[in-house]
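Understanding the architecture of this molecule
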Amino acid sequence: MGIFRQGLAWLADGAHWVGAGGILQRLGEHAEMFALAMLIALIVALPVGLVIGHARKGAFLAVNAAGVGRALPTFAVLYFAYRLLLRTRPFAFWPTLIALVFLAVPPLLTNTFVAVSGVDPDTVEAARGIGMGERQVLLRLELPLASSLMLDTTRTVAVQVAATVGFGAVFGWGGLGRFIVDGFASYDYPQLVGGAILIAVFALVVDLAFGLAGRLPALRRVRV
Amino acid sequence: MVRKRRFWSTAAMLVMALVATACGGKSTTTGSSPSSTPKPSVTVGSVTFSESQIVAEMFAQVLTKAGYKVTKQLSLGQRAVLQPAMPGTIQVAPEYVGSLLASLKGTKSSDPVSETAQDNALLAPKGLTVLDPSAANDTNAFVVTKATATRYNLAKVSDLKPVASKLTLGGPPECNTNPVCLPGLKSVYGITGLKFQPIVACDTATANALDAGSIDIAELCSTQSIIAKKGYVVLDDDKNLQPADNITAEVSTALLIAQPDVKTLLAGVLSKLTTANIVPLNAAVDIDHKDAATVAKDFLTSNGLL
């Protein structure tokens, strides 16, 4: 418990928050990387998941995407991307982003597929029966009905990504993980614990934010 | 289904056979040395980079030959991973007298013998002892590519001062706070405005980043074979910022007292190491991708230690 208190004391020191390499700068980097990774992952995963879910074909792709996603260690992806993209700047930025997108896409894709293809086939048939086109069926029936499960998945994935952003620091990128890597390397354990607390809090805030967003009527309303 | 069952039965037999061999092995070990007191188990550790692993392999092999039951815990990240595990989990590890001293917050010097004495004073309460250092000095080196050296006219570390604001230094994460890295460049050389990019210590990754132009200056270990291979320019430490960093052995004091031959064995290895002969060993692992154990074994054999 002593080390935890030292971590809190490190956080309480205002000098650690400002300036180059301060908490505010690292928090900004962390949030930026998190937002970018989630955005790209959603842009990649949602359309594909929706389309194959609607077609109720391509389950093979969706399920295997999840399998590969679980099997690929983020660390290995990061290392591989690091070696490939050494010339890119900022240092280790793109490798970290790619590793996070690889982490986020498979579960998003799979669960979007599951959510959409899980909509009651009788309901879908009925919609077609009253004259809805395929696009209308997808956007006005399947998407609203699937949105609840999709939001829950996005929330889970977001928390995972938020906590994993810290990994980038191992390879030289910034973010809140810097405090863990630097604190460890220089025997500054209060800094290490402070960094860990910051990442945990960041992930919890993300969880809370997605939880609240999921309660917004606009995102839950079923419009048929 | 039949095939599956056969697989499991084969697997089970294999496991039983292994168990039987293991038990058999144990009984022969105890049976072979009935009179002399059995040698204790010793765990040899090292950090991640090749040189540390090669020297740890040498320690492990001479101890094994002398009858110790040696367990190896190599590639334990960096000093911050290895040191807390000693002497409890790990009893023997290669160390560097100067960097060790800096991490213990002692006063560095260019004399490895006085550094060793300080190390021992600071380590005594932890139950650890550092042996007399070898002649192999692996200190920190600031290196640049030939192109960078020509462009900014760099030959020694003090040449960095006027151009520092244009350059990025790549080095281990602790460089920011390590007195022989950035703080030392500032206090001893008056170099400010250098951008810093944390990377892994004494690893090829730092050299890769230098080649890629992601960093302009790299802090490497002076015995890293890649320096010569790539033709990097080592900036002369003209104001003697770097301490002497001779390779030594850090050993559990309790083990040294209980088993006096441990000191003789490890000192025997250290006596053969020099700055000149450690570089090709590193090259064999880093560049030719040989196994550290093989490289260590060849070295010990040719020096009459195995």
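Every chain begins its residue count from 1, and numbering advances along the sequence as written. The lettering of chains begins at A and the numbering of ligands begins at 1, in the order of writing. Given that the model is predicted, a residue must reach a pLDDT of at least 70 before its local features are reported, and side-chain atom pairs must reach 80 or more before they are shown or counted; all residues, however, enter totals for whole chains, interfaces and linings.

This part covers the overall build of chain A. If you tally the helices and strands in chain A, you get 10 helices and zero strands. Across chain A, helices and strands are ordered from the amino to the carboxyl terminus as α-α-α-α-α-α-α-α-α-α. Expressed along its principal axes, the backbone C-alpha trace of chain A runs to roughly 70 × 40 × 30 Å. The burial tally for chain A puts 42% of its 224 residues in the buried class. Each residue gets a C-beta atom placed from its backbone, and two residues are in contact if those atoms lie within 7 Å. In chain A, of all internal contacts separated by at least 6 residues, the share reaching a separation of at least 24 is 71%. A run of H or I in DSSP counts as a helix once it spans at least four residues, and a run of E counts as a strand once it spans at least two, with each numbered from the N terminus. Put simply, a residue is buried when 20 or more other C-beta atoms lie within 10 Å of its own C-beta and exposed when 12 or fewer do; between those, it is partly exposed, and each C-beta is set from the backbone.

On to the interface of chain A and chain B, then. With 11 residues of chain A at the interface, the matching set in chain B holds 17 residues. Any residue outside Ala, Val, Leu, Ile, Met, Phe, Trp, Tyr, Cys, Pro, Asp, Glu, Lys and Arg is labelled polar, Gly included; the first ten of those are nonpolar and the last four are charged. Grouping the amino acids of the side of chain A that touches chain B by side-chain chemistry returns six nonpolar, two polar and three charged.

This next bit is on the sheet that holds strand β8 (residues 217–221) of chain B. Residues and elements named next belong to chain B. The pairing criterion for strands is at least two bridges between them, as found by DSSP. Read from one edge of the open sheet, five strands run β7-β6-β8-β5-β9, paired in mixed fashion. Across the chains shown, the open sheet's two edge strands, defined by having one partner strand only, are β7 (195–198) and β9 (233–234). When strand β5 (residues 140–144) meets β8, the two strands line up antiparallel, connected through five bridges. Looking across to β8, one finds that N140 is bridged to C221. In this analysis, axes come from line fits to C-alpha atoms, helices being fitted only over the stretch in contact, and the angle between any two N-to-C directions falls in the range 0 to 180 degrees. Most of the contacts of helix α8 (residues 204–212) go to β8, to which it runs at about 155°, and overall it touches β6 (168–171) and β8.

Time to look at the environment of A:I199. All names here are of chain A. Turning to its location among the elements, I199 is positioned in helix α9 (residues 189–213). For the pair I199 and L27, spaced 172 residues apart in sequence, the C-alpha to C-alpha distance is 9.0 Å. Setting aside chain neighbours within four positions, we find I199 in contact with A163, G166, L176 and G177.

Residues and elements named next belong to chain B. In terms of domain boundaries, chain B breaks down into domain 1 (40–137 + 244–302) and domain 2 (140–234). For domain 1 versus domain 2, the separation of C-alpha centres amounts to 26 Å. Top contributing element to the side of domain 1 that touches domain 2 by residue count: helix α12 (residues 275–286), with six residues. Looking at the side of domain 1 that touches domain 2 residue by residue, the classes come out as six nonpolar, three polar and three charged. Domain boundaries shown here were taken from an automatic or database domain assignment.

Per-residue confidence for chain B gives a mean pLDDT of 86, with 88% of residues at or over 70. In the model output, the complex is listed with pTM 0.75 alongside ipTM 0.71. Each residue carries a pLDDT score, the predictor's confidence in it, ranging from 0 to 100.

All names here are of chain B. As paired strands, β6 and β7 are joined by four bridges and run parallel to one another. Within the sheet, the bridge partner assigned to L169 lies in β7 and is F196. On the question of chirality, the crossover connecting β6 to the parallel β7 by way of helix α7 (residues 182–189) is right-handed. One ladder, built from two bridges, connects β6 with β8; its direction is parallel. Within β8, the residue paired with G170 across the bridge is A218. Seen with its strands pointing away from the viewer, a crossover is right-handed when the path leading from the first strand over the helix to the second is clockwise.

Residues and elements named next belong to chain B. Burial analysis of β5 places five of its five residues in the buried class, which makes it a mostly covered element. Taking every second residue as pointing to the same face, both faces of β5 are buried, with N140, F142 and V144 on one and A141 and V143 on the other. Of the strand pairs in this sheet, β5 and β9 are connected by two bridges, and their pairing is antiparallel. The residue of β9 that forms the bridge with V143 is V234.

Residue and element names in this part refer to chain B. A292, V295, A296 and F299 are the residues of helix α13 (residues 292–302) that are buried. Along the axis of α13, the buried positions cluster into a sector of 95°, meaning they face one direction only. Those residues of α13 that are exposed and angled more than 90 degrees off the buried face are T301 and S302. Where α13 is buried, its residues meet α2 (50–65) and α12. Of the residues flanking the end of α13, it is G304, one or two places downstream, whose phi is positive at about 70°. As used here, the arc is the angular range of directions from the helix axis to the C-beta atoms.

It is worth spelling out unusual backbone geometry at this point. In this structure, the amide linkage connecting B:M86 to the following residue, B:P87, adopts the cis form with an omega of -5°. With respect to the helices and strands, B:P87 occurs in the loop between α3 (79–82) and β3 (92–96). For A:A92, which is not glycine, the phi torsion reads 65° and is therefore positive. Looking at A:A92, the number of C-beta atoms within 10 Å reads 26, which means it is buried. In this structure, B:K105 takes a positive phi of about 65° despite not being glycine. Counting through the fold element by element, B:K105 comes out in the loop between α4 (97–103) and α5 (112–123).

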